[in-house]
Amino acid sequence: MVTQEDYSKDQRLFYPGAGLSASERDRMDRYDIPIGEVTIDHLIYSMSRQIENNFQSFYTVAGELAGEETALAIAREIGRRYGGEGYATLLKAHGRERRGEPRIMALYQDLVHSIRGPKHASALFAAYDETRCIVRRKQCIYFSEANPDNARYTEAFEAGCFDGYVAADDNLLRVEVKHCLFQGADGCEQHWVFKPPAERLLPEAHD
């Protein structure tokens with residue numbers, strides 16, 4: 001049976017920007033809004049949107065200047081560093097360097113999905129059991145519906161992230177992509193697969 005952290009049931013949790021209407025998002029995208037009308041919702045939506053646009057601009061420019069093969073290699077390496085270093089940082093904060101488990105991965109996924117804007121927050125909340133952490137989402141800031149030709153770069157970036165996770169955790173076996181937006185699906189489902197509890201390396205004792 002899969003479970004989620006208790007905070008997933010906290011009805012007080014909300015994400016600023018997630019409820020911004022389509023018309024207000026359009027105003028922000030067109031810069032058709034006076035600064036005096038910008039709210040926290042507008043601000044967080046816009047910052048999340050900028051993250052997405054930066055990724056898409058990189059993919060497009062790298063492909064044009066360096067060619068597709070090089071751009072794909074760069075996207076994968078960025079993903080490896082981005083995902084691996086972030087996850088390793090959380091493991092260290094929990095006193096579990098290289099010693100993860102499904103619940104710790106769920107904590108990491110929920111944290112990073114909650115701090116990068118309303119589109120990324122659609123992945124909340126991760127579920128887990130003894131050997132798997134499962135994330136499902138309908139949107140992703142690394143994939144743009146307006147730039148479907150860049151899906152190959154999103155796939156490379158995500159693959160790099162998964163490489164980074166596995167390299168950072170001796171207990172993580174692999175990441176399985178069940179389906180994803182970059183494949184043309186209507187959402188994503190990914191499983192982080194860990195060693196069985198009896199086979200996992202325990203956190204190292206510190207004096």
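Residues numbered from 1 in each chain as written. Predicted model: local features only at pLDDT ≥ 70, side-chain atom pairs only at ≥ 80, totals over all residues. Heavy atoms only, no water.

**Details of the packing of helix α3 (residues 68-93) against helix α5 (residues 151-168)**
For step 1, the next point in the chain: Contact geometry for α3 and α5: axes closest at 6 Å, N-to-C directions at 35 degrees. The two elements α3 and α5 cross, and the hand of that crossing is right-handed.
For step 2, the next point in the chain: Taken together, the residues of the contact of α3 with α5 sort by class into 15 nonpolar, 5 polar and 5 charged. (Axes fitted to C-alpha atoms, helices over the stretch in contact; angles between N-to-C directions. Helix = DSSP H or I, 4+ residues; strand = E, 2+ residues; numbered from the N terminus. Left-handed = near helix turned anticlockwise from the far one by under 90°. Nonpolar A, V, L, I, M, F, W, Y, C, P; charged D, E, K, R; others polar.)

**Quick word on the sheet that holds strand β4 (residues 188-194)**
Backbone-to-backbone hydrogen bonds pair the strands of a sheet. The strands run either parallel or antiparallel.
For step 1, the next point in the chain: As summarised here, the arrangement of the 4 strands in space is β1-β2-β4-β3, forming an open sheet in which the pairing is antiparallel. Looking at strand neighbours, the two that pair on one side only are β1 (127-128) and β3 (172-179), the edges of this open sheet.
For step 2, the next point in the chain: Summarising the sheet, β1 and strand β2 (residues 132-137) pair through 2 bridges and their orientation is antiparallel. Residue pairing in the sheet places A127 in a bridge with I134 of β2.
For step 3, the next point in the chain: Sitting on the sheet, α5 touches β3 and β4, and the angle it makes with β3 is about 155 degrees. (Pairing = 2+ DSSP bridges. Contact = heavy atoms within 4.5 Å.)

**Description of the packing of aromatic side chains**
For step 1, the next point in the chain: On inspection of all chains with the given rule, the structure shows 16 aromatic pairs.
For step 2, the next point in the chain: Note on Y142 and F157: the rings are 4.7 Å apart at their centroids and 55 degrees apart in plane angle, and the pair reads as tilted. Within this pair, whereas Y142 is found in the loop between β2 and α5, its partner F157 is found in helix α5, the two being separated by 15 residues in sequence.
For step 3, the next point in the chain: Each ring, one from Y165 and one from W192, has its centre 5.9 Å from the other, and the planes form 65 degrees; the classification is edge-to-face. With Y165 in helix α5 and W192 in strand β4, this residue pair connects regions lying 27 residues apart in the sequence. (Phe/Tyr/Trp six-rings, centres within 6.5 Å; stacked < 30°, edge-to-face > 60°.)

**Regarding the side chain of D110**
For step 1, the next point in the chain: By the element assignment, D110 lies in helix α4 (residues 102-114).
For step 2, the next point in the chain: Buried charge D110 goes without a salt bridge, the closest partner of opposite sign being R103 at 9.2 Å.
For step 3, the next point in the chain: At 2.8 Å, the side chain of D110 forms a polar contact with the backbone nitrogen of A126.
For step 4, the next point in the chain: Setting aside residues no more than four positions away along its own chain, D110 makes contact with Y7, L124, F125 and A126. (Buried < 20%, exposed > 50% of the residue type's maximum accessible area, 1.4 Å probe, protein only. Lys, Arg positive; Asp, Glu negative; His and termini not counted. Salt bridge = Lys/Arg side-chain N within 4 Å of Asp/Glu carboxyl O. Polar contact = N/O pair within 3.5 Å; in protein donor to acceptor, adjacent residues only side chain to side chain.)

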